[in-house]
Amino acid sequence: FYEIESETGVREVSLQPNGADPRKGANSFCYGIGYTVTVEGNFRQLLDFVGRLESGHYFYRLISASASRKGDRNVSGSGAVISLTLNLELLGLP
């Protein structure tokens with residue numbers, strides 16, 4: 001997440017691991033390690049962040065997403081700051 005953060009210009013507010021139980025996926029092809037990540041940026045930065053997650057090296061399963069605007073449009077004209085929270089699982093092989 002840190003590399004994508006620096007490449008896209010978003011600011012990581014929070015990165016929390018969720019409880020992972022590798023035995024949960026013992027009978028399936030892969031298992032997930034859960035994370036909740038919250039980032040802030042303008043609309044274009046957030047789209048770039050999500051796009052890089054989608055085209056990244058690792059597979060993930062998106063559990064939920066929420067977004068909220070934080071304040072009004074920036075003086076520089078770059079758009080309002082938006083907070084994006086993603087609850088996801090990075091997928092791996094057992």
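In case you missed it, the structure is sitting above this.
Overview of the structure. Note that the coordinates shown come from a computational prediction; the quantities given were computed from them, not determined experimentally. (Residues numbered from 1 in each chain as written. Predicted model: local features only at pLDDT ≥ 70, side-chain atom pairs only at ≥ 80, totals over all residues. Heavy atoms only, no water.)

Take the pairing of strand β2 (residues 31-41) next. Counting buried residues in β2 gives eight out of eleven residues, a clear majority hidden from the surface. As judged from the six bridges shared by strand β1 (residues 11-17) and β2, these two strands associate in the antiparallel manner. Bridge assignment links Gln16 to a residue of β2, and that residue is Thr36. As paired elements, β2 and strand β4 (residues 80-92) share eleven bridges and run antiparallel to each other. Within β4, the position partnered with Gly34 by the bridge is Glu89. (Buried < 20%, exposed > 50% of the residue type's maximum accessible area, 1.4 Å probe, protein only. Helix = DSSP H or I, 4+ residues; strand = E, 2+ residues; numbered from the N terminus. Pairing = 2+ DSSP bridges.)

A word on the layout of surface pockets. Its boundaries defined by the atoms lining it, the largest pocket holds a volume of some 400 Å³. Lining the largest pocket are 14 residues, with Phe1, Ile4, Gly56, His57 and Tyr58 positioned closest to its centre. Per-element tally for the lining of the largest pocket: the top contributor is helix α1 (residues 2-8), with three residues. In terms of residue class, the lining of the largest pocket is made up of eight nonpolar, three polar and three charged. (1 Å grid on protein atoms, 1.4 Å probe; cavity = no way out; pocket = protein on both sides within 12 Å on 5 of 7 lines; lining within 4 Å. Points joined across faces, edges and corners; volume = space filled by probe spheres on them. Nonpolar A, V, L, I, M, F, W, Y, C, P; charged D, E, K, R; others polar.)

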